[in-house]
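Listed below, chain by chain, are the residues.
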Amino acid sequence: MLLIAVAWISVLLLGGGFALDRTMTGLATSNFDKQLDYMLTAMVGSAEIGPDGEVFFNRALGDQRFLEPNSGLYWQISGKGHEDFPSRSLWDRTLKLRGDHFDGTPHVYDSEQFGDERLRIIERSVILPGSPINWQFAVAASRSDLDAQIRRIRAILIWSFVVLALGLIAMAALQTYYGLGPLRRVRRAIADMREGQARRVDEPLPLEVQPLVEEINALLAHSERQAEEARTHAGNLAHALKTPLTVVMNAATAKADDLSDTVIREAAVMRRQVDHHLARARAVGRRATGLSRASVGESAEAVERAVVRLYPHVRFDMDGNREASVAIERQDLDEILGNLIENAAKYGGGSVFVTIDAVPDDPKTCEIWIEDDGMGIPDEARDKLFARGARLDTGKPGTGLGLAIVRDVAELYGGSITLGESEDLGGLMAVLRLPRSAGK
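Residues numbered from 1 in each chain as written. Predicted model: local features only at pLDDT ≥ 70, side-chain atom pairs only at ≥ 80, totals over all residues. Heavy atoms only, no water.

**Some thoughts on the sheet that holds strand β9 (residues 315-320)**
Line of reasoning, step 1. Read across the sheet, five strands follow the order β9-β11-β12-β14-β13 without closing on themselves; strand pairing throughout is mixed. For this open sheet the edge positions go to β9 and β13 (416-421), each flanked by a neighbour on one side alone. The mean angle between the axes of side-by-side strands here comes to 15°, regardless of whether they run parallel or antiparallel.
Line of reasoning, step 2. Relative to strand β12 (residues 365-372), strand β11 (residues 351-356) is paired through five bridges, and the arrangement is antiparallel. Note on β12: the bridge partner recorded for Val352 is Asp372.
Line of reasoning, step 3. Against the sheet, helix α6 (residues 296-310) makes contact with β9, β11 and β12, and its axis sits at roughly 175° relative to β9, the strand it touches most.
Line of reasoning, step 4. Lying on the sheet, helix α7 (residues 330-347) is in contact with β9, β11, β12, β13 and β14 (428-435); it crosses β12 at an angle near 25°. (Pairing = 2+ DSSP bridges. Helix = DSSP H or I, 4+ residues; strand = E, 2+ residues; numbered from the N terminus. Axes fitted to C-alpha atoms, helices over the stretch in contact; angles between N-to-C directions. Contact = heavy atoms within 4.5 Å.)

**Section: the pairing of strand β3 (residues 73-78)**
The side chains of a regular strand alternate between both faces of the sheet.
Line of reasoning, step 1. Burial within β3 is extensive, with six of its six residues counted as buried.
Line of reasoning, step 2. Side chains Leu73, Trp75 and Ile77 of β3 all project onto a buried face; the interleaved residues Tyr74, Gln76 and Ser78 project onto the opposite face, where all are buried too.
Line of reasoning, step 3. In the sheet, β3 pairs with strand β7 (residues 135-142) via six bridges, with the strands oriented antiparallel. Residue pairing for β7: Ile77 is matched across the bridge by Phe137.
Line of reasoning, step 4. Bridge count between β3 and strand β4 (residues 85-86): two bridges; the pairing is antiparallel. In the sheet register, Ile77 faces β4, and the bridge partner there is Phe85. (Buried < 20%, exposed > 50% of the residue type's maximum accessible area, 1.4 Å probe, protein only.)

**Points about the side chain of Arg143**
Line of reasoning, step 1. When you line up the elements, Arg143 lands in the loop between β7 and α2 (144-179).
Line of reasoning, step 2. Beyond its immediate chain neighbours, meaning those up to four positions away, Arg143 contacts Asp110, Arg118, Leu119, Arg120 and Ile150.

**Some remarks on the pattern of salt bridges**
Line of reasoning, step 1. Taken as a whole, this structure holds 19 salt bridges when the rule is applied.
Line of reasoning, step 2. Here Asp21 and Arg154 are joined by a salt bridge, their closest N and O atoms 2.9 Å apart. Of the two residues, Asp21 is situated in helix α1 (residues 2-46) and Arg154 in helix α2; the sequence distance between them amounts to 133 residues.
Line of reasoning, step 3. Overall, Asp21 belongs to the buried group, its relative accessible area being 11%. (Salt bridge = Lys/Arg side-chain N within 4 Å of Asp/Glu carboxyl O.)

**Concerning the environment of Arg118**
Line of reasoning, step 1. Within the secondary structure, Arg118 is located in strand β6 (residues 117-126).
Line of reasoning, step 2. Given a relative accessible area of 32%, Arg118 falls into the partly exposed group.
Line of reasoning, step 3. The sequence separation of Arg118 and Ala141 amounts to 23 residues, and the corresponding C-alpha distance is 8.4 Å.
Line of reasoning, step 4. Sequence-distant contacts of Arg118, defined by excluding residues within four places in its chain, comprise Asp110, Ser111, Glu112, Ala141, Ser142, Arg143 and Asp147.

**Observations concerning helix α3 (residues 181-194)**
In an α-helix, one full turn covers 3.6 residues, which means residues spaced three or four apart are oriented alike.
Line of reasoning, step 1. For α3, with 14 residues, the first-to-last C-alpha span of 20 Å sits near the 20 Å given by 1.5 Å per residue.
Line of reasoning, step 2. Buried within α3 are the following residues: Gly181, Pro182, Val186, Ala189, Ala191 and Met193.
Line of reasoning, step 3. Downstream of α3 by a residue or two, Gly196 has a phi angle that is positive, lying close to 85°. (Expected span 1.5 Å × (residues − 1).)

**Notes on the sheet that holds strand β5 (residues 107-114)**
Line of reasoning, step 1. Reading across from one edge, β4-β3-β7-β6-β5 is the order of the five strands in this open sheet, with antiparallel pairing throughout. Either end of the sheet is taken by a strand with one partner, and the two such strands are β4 and β5.
Line of reasoning, step 2. Inspection of the sheet shows β6 paired to β7 by eight bridges, in the antiparallel sense. Counterpart to Val126 in the pairing with β7 is Trp135.

**Describing the nonpolar core**
Line of reasoning, step 1. Formed by 40 residues in total, the largest nonpolar core has its most connected members in Leu337, Leu340, Ile370 and Leu432.
Line of reasoning, step 2. For this core, the secondary structure elements donating two or more residues are α6, β9, α7, β11, β12, α9 (402-412), β13 and β14.
Line of reasoning, step 3. Counting residues per element, this core draws most heavily on α7, which supplies seven residues.
Line of reasoning, step 4. Leu340 has contacts with Ile370, Leu403, Val406, Ile417, Ala430 and Leu432, leaving out every residue within four places of it along the chain.
Line of reasoning, step 5. Among the nonpolar cores identified, the runner-up in size contains 32 residues, and Phe57, Leu73, Ile133 and Trp135 belong to it. (Core = buried A, V, L, I, M, F, W, Y, C linked by side-chain atoms within 4.5 Å.)

**A short note on the packing of aromatic side chains**
Line of reasoning, step 1. Counted by the stated rule, this structure contains five aromatic pairs.
Line of reasoning, step 2. With a centroid separation of 5.6 Å and 40° between ring planes, the pair formed by Phe57 and Phe85 is classed as tilted. Here Phe57, found in strand β2 (residues 55-57), pairs with Phe85, found in strand β4; they are 28 residues apart in sequence, far enough to count as distant.
Line of reasoning, step 3. Overall, the relative accessible area of 28% leaves Phe85 in the partly exposed class.
Line of reasoning, step 4. A centroid spacing of 5.9 Å and a plane angle of 75° characterise the contact between Tyr74 and Phe114, whose relative ring orientation is edge-to-face. One end of the pair, Tyr74, is in strand β3; the other, Phe114, is in strand β5, and 40 residues separate them in sequence.
Line of reasoning, step 5. Here Tyr74 falls in the buried class, since its relative accessible area comes to 0%.
Line of reasoning, step 6. Through successive ring pairs, a cluster of aromatic residues spans Phe57, Trp75 and Phe85.
Line of reasoning, step 7. Between the NZ or CZ atom of Arg93 and the centre of the ring of Phe114, over which it lies, the distance is 4.2 Å. (Phe/Tyr/Trp six-rings, centres within 6.5 Å; stacked < 30°, edge-to-face > 60°. Lys NZ or Arg CZ within 6 Å of the ring centre and 35° of its normal.)

**Details of α6**
Line of reasoning, step 1. With 15 residues, α6 should reach 21 Å at 1.5 Å per residue; the first-to-last C-alpha distance of 21 Å fits that figure.
Line of reasoning, step 2. Those residues of α6 lying buried are Val296, Gly297, Ser299, Ala300, Val303 and Val307. The arc that holds every buried residue of α6, seen down its axis, measures 155°, which confines them to one face. In α6, the exposed positions that point more than 90 degrees away from the buried face belong to Arg305 and Arg309.
Line of reasoning, step 3. Where the residues of α6 are buried, they touch β8 (294-295), β9, β10 (325-326), α7, β11 and β12. (Arc of directions from axis to C-beta.)

Structure below.
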């Protein structure tokens, strides 16, 4: 920012200084030329032709410098066939004029015919009454005074613009320093968080950087949620592996005859748990892309075909909008529906009813009902089922992780799961809410 400001200030001041220099030197030169033109006009007004055909002045010119040799101010009248009529100040020198043509209007030019004395000459062609000769009237003045005046003007301009440039650059530097002050405060706040002295950027900051602070705090909250999810994954995996390991340890300690079968069976259980939790960890990464999408109808039909093989006596029914899609990966949707539908088949009375998009008017959420005709669950026990390892019916196989996993994965995608009572079948009803994908 400071380099850009310095470059822009330099360009503007150089351009402005050049324009102002041209203007000021032009005004000084124009004023100098006007003085010469005034003297030339006085010469022409005083000139006459004498009886001998030569030019003379009927009155003396007013400037005393015309009478002082080498004074720096000169005049001369020249005519073809006549000797030059010079001022006394020229002494033994002669002005070399450009009088080879007739020019009724004065024209001005610079000349270096006197060596180290640069001249500013104004000349004009005049035909005087009583003479057919084209007389060249000229006034010359040394440029020393004009050049000295121009040097003074330029010196003033240069020093003024240097001081102005330094002042503007200092102002830009101060503005940059104080303008970026809030960012330095944010940096210090982040350093404090890294050292464990704070958890958020809570210091009041200007509106210009407040969105940045909000995004930083949101990122920190997101990181904390991911860390908590990682701890939850680790706890779920540890809990899932605890039971198979205990079974193997007990079988090994008792030197059971079926130890090898037990190890193989429990190792398969542990591998399924590890694969599940690895897949669940990958779901966090897939969720971060924001491009997940799955068809609820296709997933529910696939889960139904798998569960039918395990529980052939259970009757399944499905209704609702089978075209509905949700913002979740297909593998994770299969995991959620598989747990809920399998629980309904396992603990129900033989009937499972799935309703897809039960509340179709909700533009943001797709609601899925999974109902069974079992004994149901008391209100006070429903929330306990979401705890890791919680089981109400210990007579049937299971790890107690199903509903906990369903809740965790649903919440990963911004959804939720609640338990209620089915009005149609009389058993338990699981209400799954998942964010609807774009366009469905």
